[in-house]
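# Structural characterization, general
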Amino acid sequence: MNKNLLRKIELLYPRQTEIINQYKRQDVFRCAHETHVHFDNAVSVYHVLKTKKCYPEGCISYKWRCKKLHRGESCHRKYKHVGRTCFQCKYYYDIKVIKRPEITLSQAEFQQFQKDLKLFESWLMQHQGRLVAFSGKVNSVKPRYSLQAASHRAHVRYEGFMLNFLEGAVTTQYFHDFVYVSISSRLQSKYRFAKGDSVSFSGYFTLQQGSIVLQKIRSIELHDRGEPCFWTESRARVAQRTGAVLKYQSKTCYACDRGVLLAITSPNTSEKGLPRRMFCLEGIENPQECCYRIHKTLRLNECPPDNGAMR
């Protein structure tokens, strides 16, 4: 981060007034729903309060059952599992299931969270859709893809790059949480952003799935360079063809530098209820079989010496 700007921010705003993304906190709620088992049943505030809106009433789901299969008898239509085509069958029935998120904080801590959430949402309203100044150090650069789901086959679409910051200065306020910046291939080709770069720029403030995303950035200044390895469009398009869409989201993949979240742009019935999917740049479909971390520790250099992607 620009040292002069950071020094000014620390003088104006003590460290006690740091803002964090209250929507992305996972220490407030826990949910026993089976879809959260891969994340130790931890759920974000945004998922509970904005996406599912399941606090305090809970969310309702239905488990499909068959009287014959339940008794160990065979289905007269030769089905092995209950599906949508069974709804009109006289042996079909369902069980109503209500799951309520559990508060993990004490009463005093939860009351403080509610106050902090109101302040954070007020801060969001002040910046939403507006052009803001930002300064920070790049934590990662990854290709940006989306999943175009169709009835016959899902297609991964390349859409540029995404910069990730662990913290930074938004206007004159220190933001101690993740900030994402979407950029085009043209900007990545021009500035060659990489992990460790200290940059400042202006961009439009948006909120996407509870995350702060800056778009249409301009007035870019590079203060310090980080790692020599950087992404190019050609490498991103190769990864687009060789990568793999995971069957489920894994906690370890979120922290991996080869994991990319996909937004589903045209969900079909099979993708319904799954607003995001994980894409592995290494092409490993099962996270339990991943050995990338082991290979990474054995590599002397992550970038191939002959790919032209060196400063």
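One can find the structure itself at the top, above this paragraph.
## Description of the packing of aromatic side chains
Summed over all chains, the structure comprises 19 aromatic pairs. Aromatic side chains W123 and F205 sit 5.6 Å apart centroid to centroid with 85° between the ring planes, which places their arrangement in the edge-to-face category. Highlighted residues: W123 in helix α4 (residues 107-127) and F205 in strand β11 (residues 198-208), separated in sequence by 82 residues. This pair shows no difference in class: W123 is buried, exactly as F205 is. An aromatic cluster is present here, built from Y23, Y46, F120, W123, F175 and F205 joined pairwise through their rings. Positioned above the aromatic ring of W231 is the side chain of R235, whose terminal nitrogen or guanidinium carbon lies 4.5 Å from the ring centre.

## Section: the nonpolar core
Taken as a class, soluble globular proteins show a tendency for nonpolar side chains to be buried jointly. Counting 53 residues, the largest nonpolar core has W123, Y145, F165 and F201 as the members making the most contacts within it. When residues no more than four places from it in sequence are discounted, the contact partners of Y145 are V156, R157, Y158, A236, A239, Q240, V260, L261, L262, A263, F279 and L281. If you look at the next biggest cluster of nonpolar residues, it comprises 5 residues, including L246, C253, C280 and I284.

## Some remarks on the sheet that holds strand β2 (residues 42-43)
Spatially, β2-β1-β5 is the arrangement adopted by the 3 strands of the open sheet, whose pairing is antiparallel. With one partner strand each, in any of the chains shown, β2 and β5 (102-103) form the two edges of the open sheet. Taken together, the 2 bridges between strand β1 (residues 29-30) and β2 define a ladder with antiparallel strand orientation. Note on β2: the bridge partner recorded for R30 is A42.

## Notes on the pattern of salt bridges
Within the structure shown, the criterion is met by 7 salt bridges. A salt bridge links R144 to E159, with the nearest nitrogen and oxygen atoms 4.0 Å apart. Within this pair, whereas R144 is found in strand β6 (residues 131-148), its partner E159 is found in strand β7 (residues 155-165), the two being separated by 15 residues in sequence. Assessed through its relative accessible area of 21%, R144 is described here as partly exposed. As a salt-bridge pair, E282 and R258 come within 2.9 Å of each other at their nearest N and O atoms. You can see E282 sitting in the loop between β15 (276-280) and α8 (292-298) and its partner R258 sitting in the loop between α7 (251-254) and β14 (259-264), a full 24 residues away along the chain. Classification of E282 as partly exposed rests on a relative accessible area of 30%. Using a relative accessible area of 16% as the deciding quantity, one classes R258 as buried.

## Considering the pairing of strand β12 (residues 211-224)
Two faces make up the sheet, and in a regular strand the side chains alternate between them. Direction of pairing for strand β10 (residues 179-183) relative to β12: parallel, over a ladder of 2 bridges. Note on β12: the bridge partner recorded for Y180 is V213. In this structure, β11 lies alongside β12, joined through 9 bridges in antiparallel fashion. Within the sheet, the bridge partner assigned to T206 lies in β12 and is V213. Between the end of β11 and the start of β12, which pair antiparallel, lie 2 residues, with Q209 showing a positive phi angle near 55°.

## Points about the state of the cysteines
Considering all chains together, one arrives at 0 disulfides under this definition. No disulfide involves C59; its sulfur sits 5.1 Å from that of C54, the nearest cysteine. The thiol sulfur of C280 is not disulfide-bonded, and the nearest other cysteine sulfur, from C290, lies at 5.9 Å.

Rules used in this analysis
Residues numbered from 1 in each chain as written. Predicted model: local features only at pLDDT ≥ 70, side-chain atom pairs only at ≥ 80, totals over all residues. Heavy atoms only, no water. Phe/Tyr/Trp six-rings, centres within 6.5 Å; stacked < 30°, edge-to-face > 60°. Helix = DSSP H or I, 4+ residues; strand = E, 2+ residues; numbered from the N terminus. Buried < 20%, exposed > 50% of the residue type's maximum accessible area, 1.4 Å probe, protein only. Lys NZ or Arg CZ within 6 Å of the ring centre and 35° of its normal. Core = buried A, V, L, I, M, F, W, Y, C linked by side-chain atoms within 4.5 Å. Contact = heavy atoms within 4.5 Å. Pairing = 2+ DSSP bridges. Salt bridge = Lys/Arg side-chain N within 4 Å of Asp/Glu carboxyl O. Disulfide = S-S within 2.5 Å.

Limitation: the analysis is restricted to geometry and does not speak to function.
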